[in-house]
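Examining the three-dimensional arrangement
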Amino acid sequence: TKLFEPAVVSPTQSARLRINIYNTQPESLTGMSLRDDYPAGLVNAPDPQPFTNCGGSASISFPSAASVMIAGGSIGPSVGNEASTCYLETSVVAA
């Protein structure tokens, strides 16, 4: 899932983007990679302050002015019917 806080911003205002990543499989997910392109009008903040709680050697990068990528991360296995989760966060600005 992808959430913005606040959900609506005016030009030059910033928001915090949070992307939740789920693993519904009974095995751990390793070496995961995910790229997200932002909606039109949003770009990376000058100081995006990226953060992730995904395991492994997860690293966050910015392949373009309007995208974020996490690579090398891991998520534990699901337990029963409950998916395991991790997330990444970064700041974006309305252009």
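Residues numbered from 1 in each chain as written. Predicted model: local features only at pLDDT ≥ 70, side-chain atom pairs only at ≥ 80, totals over all residues. Heavy atoms only, no water.

Next up on the list: the overall build of the protein. A count of helices and strands for the protein gives 0 helices and 8 strands. The principal-axis extent of the C-alpha atoms belonging to the protein is close to 45 × 25 × 20 Å. Summed over its atoms, the accessible surface of the protein is roughly 5400 Å², and 54% of this surface lies on carbon and sulfur atoms. The centroid of the 4 positive side-chain charges in the protein is displaced by 5 Å from the centroid of its 7 negative side-chain charges. (Helix = DSSP H or I, 4+ residues; strand = E, 2+ residues; numbered from the N terminus. Areas by Shrake-Rupley, 256 points an atom, 1.4 Å probe, with all protein chains shown as cover. Lys, Arg positive; Asp, Glu negative; His and termini not counted. Charge placed at Lys NZ, Arg CZ, Asp CG, Glu CD.)

Bringing the sheet that holds strand 7 (residues 67-75) into the picture now. Taking strand neighbours across the sheet as the criterion, the 3 strands line up as 3-7-6 in an open arrangement whose pairing is antiparallel. The open sheet has two free edges, formed respectively by strand 3 (29-37) and strand 6 (55-61), since each of these has just one partner strand. Across the sheet, the mean angle separating the axes of adjacent strands is 10° when strand polarity is ignored. In this sheet, strand 7 lies alongside strand 6 in antiparallel orientation, the contact comprising 5 bridges. Bridged to Gly55 within strand 7 is Ser74. (Pairing = 2+ DSSP bridges. Axes fitted to C-alpha atoms, helices over the stretch in contact; angles between N-to-C directions.)

With that out of the way, let us pick up the packing of aromatic side chains. Enumeration according to the criterion identifies 1 aromatic pair in this entry. When the ring of Phe51 is compared with that of Tyr87, the centres are 5.9 Å apart and the planes differ by 45°; the resulting orientation is tilted. Of this pair, Phe51 sits in strand 5 (residues 51-52) while Tyr87 sits in strand 8 (residues 84-94), placing them 36 residues apart in sequence. Look at Phe51 and you get partly exposed, because its relative accessible area is 40%. Just above the ring of Tyr87 sits the side chain of Arg18; from NZ or CZ to the centre is 3.4 Å. (Phe/Tyr/Trp six-rings, centres within 6.5 Å; stacked < 30°, edge-to-face > 60°. Buried < 20%, exposed > 50% of the residue type's maximum accessible area, 1.4 Å probe, protein only. Lys NZ or Arg CZ within 6 Å of the ring centre and 35° of its normal.)

Moving on, we come to the side chain of Ser67. By the secondary structure assignment, Ser67 is in strand 7. Residue Ser67 is classed as buried on the basis of its relative accessible area of 0%. Among the polar contacts made by the side chain of Ser67, one reaches the side chain of Arg35 at a distance of 3.4 Å. Setting aside residues no more than four positions away along its own chain, Ser67 makes contact with Arg35, Asp36, Asp37, Tyr38, Asn44 and Phe62. (Polar contact = N/O pair within 3.5 Å; in protein donor to acceptor, adjacent residues only side chain to side chain. Contact = heavy atoms within 4.5 Å.)

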